Amino acid sequence: MRGYYDEVSYNVNITAKSMHLFLMRAIASYDVTPEQWSVLEGIEANEPISQKEIALWTKKDTPTVNRIVDVLIRKELIVREISAEDRRISLLSLTEKGKIETNELRDIVEASCEKMFAGISRAELEQLTTILKNVSANLE
């Protein structure tokens, strides 16, 4: 059985890397990485949101999120403001430029996903999602 699990792990790893590279190439003209895209998407879905909440939402460690946030601020895609309720918390929101680029990126990401998952039924994708969630749960 060991060889079987090795093959599954290998294929999941290779596929994840290929998907990441495919998405990276698709959004390259926006000078945004897939990691930065996930943070932009998380901010848009939950703004205003703290960096800690973004780290949980994207499942990235805090130092990584801090670096990504700093880059996105320099690119003028997001802003950081102090929370009115708790001055220890910084809240992140999209700038106007960030809103425009996030909407444009979403279309590119959606088209990329359609190409990645072409020929795979919704039921198969739902089954794949369930399997991957189960594997993730086993790792927690």
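Procedures and definitions
- Residues numbered from 1 in each chain as written.
- Predicted model: local features only at pLDDT ≥ 70, side-chain atom pairs only at ≥ 80, totals over all residues.
- Heavy atoms only, no water.
- Helix = DSSP H or I, 4+ residues; strand = E, 2+ residues; numbered from the N terminus.
- Buried < 20%, exposed > 50% of the residue type's maximum accessible area, 1.4 Å probe, protein only.
- Contact = heavy atoms within 4.5 Å.
- Areas by Shrake-Rupley, 256 points an atom, 1.4 Å probe, with all protein chains shown as cover.
- Core = buried A, V, L, I, M, F, W, Y, C linked by side-chain atoms within 4.5 Å.
- Axes fitted to C-alpha atoms, helices over the stretch in contact; angles between N-to-C directions.
- Parallel < 35°, antiparallel > 145°, perpendicular 65-115°, else oblique.
- Left-handed = near helix turned anticlockwise from the far one by under 90°.
- Nonpolar A, V, L, I, M, F, W, Y, C, P; charged D, E, K, R; others polar.

Visitor: Hey, could you go over the overall build of the protein chain for me, with residue numbers and the actual values?
Guide: Broken down by element type, the protein chain carries six helices and three strands. Expressed as lengths along the three principal axes of its C-alpha atoms, the size of the protein chain is roughly 55 × 35 × 25 Å. For the protein chain, the proportion of its 140 residues judged to be buried stands at 25%. Considering only residue pairs separated by 6 or more positions, the protein chain has 50% of its internal contacts joining residues 24 or more positions apart. Counting every atom, the protein chain has about 9800 Å² of accessible surface; 55% of that belongs to carbon and sulfur.

Visitor: Describe in detail the nonpolar core, supporting the description with residues and values.
Guide: By size, the foremost hydrophobic cluster in this structure holds 20 residues, and its most contacted members are Leu40, Ile43 and Ile78. Sorting the residues of this core by element identifies helix H1 (2-27), helix H2 (34-46), helix H3 (51-58), helix H4 (62-74), strand E3 (90-94) and helix H5 (96-116) as the ones contributing at least two each. Beyond its immediate chain neighbours, meaning those up to four positions away, isoleucine 78 contacts Leu40, Ile43, Val69, Leu72, Ile73, Leu92, Ser93, Leu94 and Thr95.

Visitor: Quick one: what's the story with the environment of threonine 58, residue by residue and with numbers?
Guide: Examined against the element boundaries, threonine 58 turns out to sit in helix H3. Along the chain, threonine 58 and proline 48 lie ten residues apart, while their C-alpha atoms are 15 Å from each other.

Visitor: So, the environment of glutamate 96: which residues are in play, and what are the values?
Guide: With respect to the helices, strands and loops of the structure, glutamate 96 is situated in helix H5. We classify glutamate 96 as exposed; its relative accessible area is 56%. Between the C-alpha atom of glutamate 96 and that of alanine 118, which follows or precedes it by 22 residues, the distance is 33 Å.

Visitor: Let's hear about the packing of H2 against H3: which residues, and what values?
Guide: Running from N to C, H2 and H3 point in directions that differ by 115 degrees, and their axes come no closer than 10 Å. For the element pair H2 / H3, the angle class is roughly perpendicular. Crossing hand, H2 versus H3: right-handed. Residues Ser38, Val39, Glu41, Gly42, Ile43, Ala45 and Asn46 of H2 touch H3, and the partners they reach there are Ile54, Trp57 and Thr58. When grouped by side-chain class, the residues that make up the contact of H2 with H3 number five nonpolar, four polar and one charged.

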